[in-house]
Amino acid sequence: MSKPYFFKTLFLFFYCVLFRKPKYFPAGLLSNNHLNQFQCQKYRTASLALRSDLSSKTLMFSVEGALLKSSSLFPYFMLVAFEAGSFLRAFVLLLLYPFICLVSEETGLRIMVMVCFFGIKKESFRVGSSVLPKFFLEDVGLEIFDQVLRRGVRKVSVSELPLVMIESFLRDYLEIDVVVGSELKVFRGYFVGLMEEKKKNIIGLEEILKENKAVGTNIIGINGLYKVHDHHQLFSQHCKEIYLVDKADKRSWQNLPREKYPRPLIFHDGRLALLPTPLNALALFVWVPFGFVLSISRLFISLSLPTDVSNPLNAFLGMHLTAPTSMPKTPHSLYPNTSKELHKSKGVLYACNHKTLVDPIFLSVILKNRSLRGVSYSLSRVSEMLSPIKTVRLTRNRDQDARTIESLLNKGDMVICPEGTTCREAYLLRFSPLFAEVAEEIVPVAIDSHVTMLYGTTAGGLKCLDPFFFLMNPAPSYTLQFLEKVSGSCTSLNGEKSKFDVANHVQGEIAKALGFECTKLTRKDKYVILAGNEGIVCHK
């Protein structure tokens, strides 16, 4: 065989594997009768949005084929491998990606399930409820969900993904009635990386079928043009009308905006801030060694050099810190000098919303005041040792914490985050009124931060690594706004303001400055949702 002929044959082989168009149905999947029946019942989804009777219909839809814009499931499995597994497990999955592309979709799915779930403890797996919903919601098509699915009286979803990955997203955030998917096999409390053959939650579907039969209504099916697999039997048996979504439809969809989420996404966990598509995952693994060196360099510069020198160097290394351009050197000169200010017995208390563990540090950098003291409800020993300012832990014993804060204020200025925990989204948690009870002068500080690759906060991971992950981002940014000073509840002029009024006022002013929304949620609510505990750290 000549070399030109060999290379030509090899090129045609890979072209057929990688770029061939999928057939309408995989060979051997359907009988001729089923195929003819299915083809006669297909409609375009554009006509489905114009129907006026959807409010009385039950809608059965494919999650991958008719809800999500992306046609690839790889990023979601990469999230599972990275967040529930380890860096090494995620790297192995990335190495297997070319092979996954060459095999069939069903085989590729089983390979990803095996790599991501093998050896993971079932009880500790919370990625499906704490990490994945954010990325799934960002991939939902606006047109199909808002104009079609939300109008159905009942909604049944069918998914190729394991239920532990998809069920919380569909039930808790999209308010889907029945989720049909596969269970993972478990041995002695650990996933073995295999999926059960039979679909789960068929019983819930049967109950809906009985109700529909009693009232004489039909189920409308919505499936992907190429995403049929073993879902076809469910759709062909229970749906007399089936609408198909092709790739052209998906490309025209817009992303579902946050204000249209049926339930707001307030809490989410995990380290990855970007969707780990194959290209993003490759960029992440290439960047991590450089990012680690960069984080150490930024930390060393901040701890060892004066502020006037460290700030320009960190800015050269990509850190963006935005604050008022004409910040004075001392916090007391922020306000006009008065006799009360000259003779006051306590320092100024800076009340901030909480974005990361380094909030007090950046505030001290802006104020050029390393004598500023910070308090926190949960702080690791590593963070305490690395902090350039003095940090003090609170115990959640109200009387003891009040004495601690009052003692620190008697020594000088301090900073506190009344939320008690971080919140990544544009929401503010309830402010504890303790700070308003003991402080005389309160300066609200609105803080916002932005990362592109890795989050510097966690609810279920190691908190000692939070500063390193934040500093590993190529260009992390911090924005601080100093708001108008307020008086504590004990020093109000008319004596009518309570500590709760002051705390709510500070929360409202910070929310207004940032464009955030106030909530009554607390630290306990966050940790119950994300970690399954109350977020209480016990120290010896």
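These numbers were taken from a predicted model, which means no experiment stands behind them. (Residues numbered from 1 in each chain as written. Predicted model: local features only at pLDDT ≥ 70, side-chain atom pairs only at ≥ 80, totals over all residues. Heavy atoms only, no water.)

1. Side note on the confidence of the model for the chain
The cut-off we apply is this: Per-residue confidence from the predictor is reported as pLDDT, which spans 0 to 100. Counting from the N terminus, the helices are the DSSP runs of H or I reaching at least four residues and the strands are the DSSP runs of E reaching at least two. Here, two residues are considered to be in contact whenever any of their heavy atoms come within 4.5 Å of each other.
In the predicted model, the chain carries a mean pLDDT of 82, and the fraction of residues at 70 or more is 81%. The least confident element of the chain, judged by mean pLDDT, is helix α2 (residues 32-40) at 41; the most confident is helix α9 (residues 132-137) at 97. Low confidence marks residues 13-41, where pLDDT is under 50. Its contacts with residues over four positions away, or in another chain, come to 28 contacts. The model gives residues 326-343 a pLDDT under 50, and that stretch makes 25 contacts with residues more than four places away or in other chains.

2. Overview of helix α11 (residues 163-173)
Definition in use: Each residue's exposure class comes from its accessible area (1.4 Å probe, protein chains only) as a fraction of the maximum for that residue type: buried when under 20%, exposed when over 50%, partly exposed otherwise.
Within α11, burial applies to Leu163, Met165, Ile166, Ser168, Phe169, Leu170 and Tyr173. Glutamate 175, located one to two residues past α11, shows a positive phi value of around 60°.

3. So, the side chain of glutamine 507
Position of glutamine 507 relative to the elements: it lies in helix α23 (residues 499-514). For glutamine 507, a relative accessible area of 6% gives the class buried. Once residues lying within four places of it in the same chain are set aside, the contact partners of glutamine 507 are Leu428, Leu429, Arg430, Phe431, Cys518 and Thr519.

4. What about a nonpolar patch on the surface?
To keep it simple, the criterion reads: Exposure above 30% relative accessible area and no salt bridge define the residues that can form patches, which grow by joining like charges within 9 Å and nonpolar side chains of Val, Leu, Ile, Met, Phe, Trp and Tyr within 5 Å. Per-residue and other accessible areas were derived by the Shrake-Rupley procedure at a 1.4 Å probe size, with only the shown protein chains allowed to occlude residues. Each salt bridge in this description consists of a side-chain nitrogen of Lys or Arg and a carboxyl oxygen of Asp or Glu lying within 4 Å of one another.
Judged by side-chain polarity, Leu88, Phe91, Val92 and Leu95 come together as a nonpolar surface patch covering roughly 370 Å² of accessible area. The residue phenylalanine 91 is located in helix α6 (residues 87-102) in this model. Given the relative accessible area of 34%, phenylalanine 91 is considered partly exposed.

5. Description of the packing of helix α5 (residues 74-85) against helix α7 (residues 105-117)
Defined as follows: Angles here are taken between N-to-C directions and fall from 0 to 180 degrees, while the axes themselves are lines fitted to C-alpha atoms, restricted in helices to the stretch in contact. By definition in this entry, angles of less than 35 degrees are roughly parallel, angles greater than 145 are roughly antiparallel, angles of 65 to 115 are roughly perpendicular, and the rest are oblique. Note: crossing handedness is left-handed where the near helix turns anticlockwise from the far helix by less than a right angle, and right-handed where it turns clockwise. Note on residue categories: nonpolar means Ala, Val, Leu, Ile, Met, Phe, Trp, Tyr, Cys or Pro, charged means Asp, Glu, Lys or Arg, and polar means any other residue, Gly included.
Two numbers describe how α5 lies on α7: the axes approach to 9 Å, and their chain directions differ by 15°. As the angle between them shows, α5 and α7 are arranged roughly parallel. Crossing hand, α5 versus α7: left-handed. Facing α5, whose interface residues are Phe74, Phe77, Val80 and Ala81, α7 presents Leu109, Met112, Val113, Cys116 and Phe117. Residue composition of the contact of α5 with α7, grouped by class: nine nonpolar, no polar and no charged.

6. Considerations on unusual backbone geometry
The backbone phi angle of glutamate 175 is positive, close to 60°, even though this residue is not glycine. Within the secondary structure, glutamate 175 is located in the loop between α11 and β4 (178-187). When its relative accessible area of 37% is taken as the criterion, glutamate 175 is described as partly exposed.

7. Observations concerning the pattern of salt bridges
Tallied over the full model, the rule gives 16 salt bridges. Here arginine 398 makes a salt bridge to glutamate 437, at a shortest N to O gap of 3.5 Å. Residue arginine 398 is found in helix α20 (residues 398-411), and its partner glutamate 437 is found in helix α21 (residues 434-438); the two are separated by 39 residues along the sequence. The exposure class of arginine 398 is partly exposed, given its relative accessible area of 38%. Take glutamate 437: its relative accessible area is 31%, and that puts it in the partly exposed class. Glutamate 437 is paired through a salt bridge with lysine 499; the nearest N and O atoms lie 3.4 Å apart. Taken together, the positions of glutamate 437 in helix α21 and lysine 499 in helix α23 put the pair 62 residues apart, joining distant regions of the chain.

8. Comments concerning the environment of valine 164
Assignment of secondary structure puts valine 164 in helix α11. Take valine 164: its relative accessible area is 27%, and that puts it in the partly exposed class. Placed 18 residues apart in sequence, valine 164 and serine 182 show a C-alpha to C-alpha distance of 8.8 Å. For valine 164, the contacting residues outside a window of four places in its chain are Phe117, Phe125, Gly128, Leu184 and Phe191.

9. Some words on the packing of α6 against helix α15 (residues 278-304)
For the pair α6 and α15, the least separation of the axes is 11 Å and the interaxial angle reads 130°. Put simply, α6 runs oblique to α15. The handedness of the crossing between α6 and α15 is left-handed. When α6 is examined against α15, the residues Phe87, Ala90, Phe91, Leu94 and Tyr97 are found in contact with a partner set consisting of Pro278, Ala281, Leu282, Phe285 and Val288. A per-class count over the contact of α6 with α15 returns ten nonpolar, no polar and no charged.

10. Overview of the side chain of histidine 268
The test is simple: N or O atoms within 3.5 Å of each other form a polar contact, as long as, within protein, one can give a hydrogen and the other can take it, and as long as residues adjacent in sequence are counted only when both atoms are side-chain atoms.
Relative to the helices and strands, histidine 268 is located in the loop between α14 (247-252) and α15. For histidine 268, a relative accessible area of 6% corresponds to the buried category. Here arginine 424 takes part through its side chain, which lies 3.3 Å from a polar atom of the side chain of histidine 268. Within the structure, histidine 268 has its side chain in polar contact with the side chain of glutamate 425 (distance 2.5 Å). Contacts of histidine 268, omitting those with residues within four sequence positions, involve Ser130, Lys134, Arg424, Glu425, Tyr455 and Leu530.

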